[in-house]
Amino acid sequence: EIFGFLGPNGAGKTTTINMLTGLARPTAGEIRIAGRDGLKERKKIQQIIGIVPDESNLYDEMSGFENLVFCASLYGMKKARREQRARELLRQFALDHAGNKPFRTYSKGMKRKLTIAAGLIHEPEILFLDEPTTGIDVESARQIRRFLIELNAGGITIFLTTHYLEEAERLCHRIGFIVGGEI
């Protein structure tokens, strides 16, 4: 499914994603992802999830292709597969024309698409996206929404945060609201 997590700034959306993905530890409760204990089996879970933060975590001086190949190496992918997968994703996101250009030269929309591609490089079962369309142009946002629907149709579970109720209504099977840390 595609699950939308909505709430005002400071409500706890990013903190929730950070806890679910193992980037922050919760003070109470439990986390279960794909039937696994999110606190005790973090390494196993990190192999099956992709994370797309609200701010890009890619390197400005590296090309789009180099960024994707580097991210794939962090998951232990073999060189030939890393390069093949990077080319596939550049094509899928219509970035193949910019694959050899430094990331710093990309537009906001292009940077967002490459950041999403980096989260998908290792073909995760579950993708966490923190505000994937905030601050980008209308056409790039439309392309990203269309791509998320295609990913989900292909079997990937998506957890996304957004400020846009209409986007959540269009994309999501279920929606949760968080305000002041309370769902």
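Residues numbered from 1 in each chain as written. Predicted model: local features only at pLDDT ≥ 70, side-chain atom pairs only at ≥ 80, totals over all residues. Heavy atoms only, no water.

**A closer look at the side chain of Thr 21**
For clarity, the threshold we go by: Only DSSP runs of H or I reaching four residues or more are called helices, and only runs of E reaching two or more are called strands; each is numbered from the N terminus. Counted as a polar contact is a pair of N or O atoms within 3.5 Å, where, for protein atoms, one must be capable of donating a hydrogen and the other of accepting one, and residues adjacent in sequence contribute only when both atoms are in side chains. We call two residues in contact when some of their heavy atoms are within 4.5 Å.
Here Thr 21 lies in the loop between helix H1 (13-20) and strand S2 (32-33). A polar contact is formed between the side chain of Thr 21 and the backbone oxygen of Ile 17, at a distance of 2.8 Å. Not counting the four nearest positions on each side in its chain, Thr 21 is found in contact with Gln 46, Ile 49, Ile 51 and Phe 128.

**Details of the pairing of strand S5 (residues 126-130)**
Heads up, the rule is: Classification of residues uses two cut-offs on accessible area relative to the type maximum, computed with a 1.4 Å probe and protein chains only: under 20% is buried, over 50% is exposed, and between them is partly exposed. Any two strands with at least two DSSP bridges between them are considered paired. Throughout, right-handed denotes a crossover for which the path from the first strand over the helix to the second runs clockwise when the strands point away from the viewer.
Burial runs high along S5: 5 of the 5 residues are buried. Covered by surrounding structure in S5 are Ile 126, Phe 128 and Asp 130 together with Leu 127 and Leu 129, the residues of both alternating faces. Judged from the 4 bridges that link them, strand S4 (residues 49-52) and S5 form a sheet pairing that is parallel. Paired with Val 52 across the strands is Leu 129, a residue of S5. In the sheet, S5 pairs with strand S6 (residues 157-162) via 5 bridges, with the strands oriented parallel. If you follow Leu 129 over to S6, its bridge partner there is Leu 160. Once the chain exits S5 it traverses helix H6 (residues 138-153) before rejoining the sheet at S6, and the crossover so formed is right-handed.

**Brief notes about unusual backbone geometry**
At Ala 34, a position not held by glycine, the phi torsion is positive, near 50°. Locating Ala 34 in the fold gives a position in the loop between S2 and strand S3 (36-37). Residue Ala 94 is not a glycine yet carries a positive backbone phi of 55°. Its place among the elements puts Ala 94 in the loop between helix H4 (79-92) and helix H5 (108-120).

**Here's the deal with the sheet that holds S4**
Counted only if it meets this: Every axis corresponds to a line fitted to the C-alpha atoms, with the helix fit spanning only the stretch in contact, and the corresponding angles, defined between N-to-C directions, vary from 0 to 180 degrees.
Across the sheet, 5 strands lie side by side as S4-S5-S6-S1-S7; this open sheet has parallel pairing. The outermost strands of the open sheet, each flanked by one partner alone, are S4 and strand S7 (174-177). The average undirected angle you get between the axes of adjacent strands in this sheet is 15°. Against the sheet, H5 touches S4 and S5, its axis set at about 160° to S4.

**Description of the packing of helix H3 (residues 64-74) against H5**
Where we set the bar: The scheme is simple: roughly parallel for angles under 35 degrees, roughly antiparallel for over 145, roughly perpendicular for 65 to 115, oblique for anything else. By convention the crossing between two helices is left-handed if the near helix lies anticlockwise of the far one by an angle smaller than a right angle, and right-handed if it lies clockwise. When residues are grouped by polarity, Ala, Val, Leu, Ile, Met, Phe, Trp, Tyr, Cys and Pro land in nonpolar, Asp, Glu, Lys and Arg in charged, and all others, Gly among them, in polar.
Running from N to C, H3 and H5 point in directions that differ by 25°, and their axes come no closer than 9 Å. Between H3 and H5, the crossing angle belongs to the class labelled roughly parallel. Relative to H5, the crossing made by H3 is right-handed. Every residue of H5 that contacts H3 at Gly 64, Asn 67, Leu 68 and Cys 71 is listed here: Leu 114, Ala 117 and Ala 118. For the contact of H3 with H5, the per-class residue count stands at 5 nonpolar, 2 polar and no charged.

**Digging into the side chain of Arg 145**
Here Arg 145 shows up in helix H6. With a relative accessible area of 15%, Arg 145 lands in the buried category. Those residues in contact with Arg 145 that lie beyond four places of it in its chain are Thr 133, Glu 167, Arg 170 and Leu 171.

**Overview of empty space enclosed by the protein**
Put simply, the rule is: Residues are said to line a cavity or pocket when one of their atoms sits within 4 Å of a point; the points come from a 1 Å grid over protein atoms alone, cavities being sets where a 1.4 Å probe fits but cannot get out and pockets being open sets with protein on both sides within 12 Å along at least five of seven lines. Grid points are joined across faces, edges and corners, and a volume is the space filled by probe spheres set on the points.
Tallying each qualifying case throughout the model produces 1 cavity of 30 Å³ or more. Roughly 30 Å³ of volume is contained in the largest cavity. Lining the largest cavity are Leu 20, Thr 21, Gly 22, Gly 38, Arg 42, Ile 45, Gln 46 and Ile 49. Top contributing element to the lining of the largest cavity by residue count: helix H2 (residues 42-48), with 3 residues.

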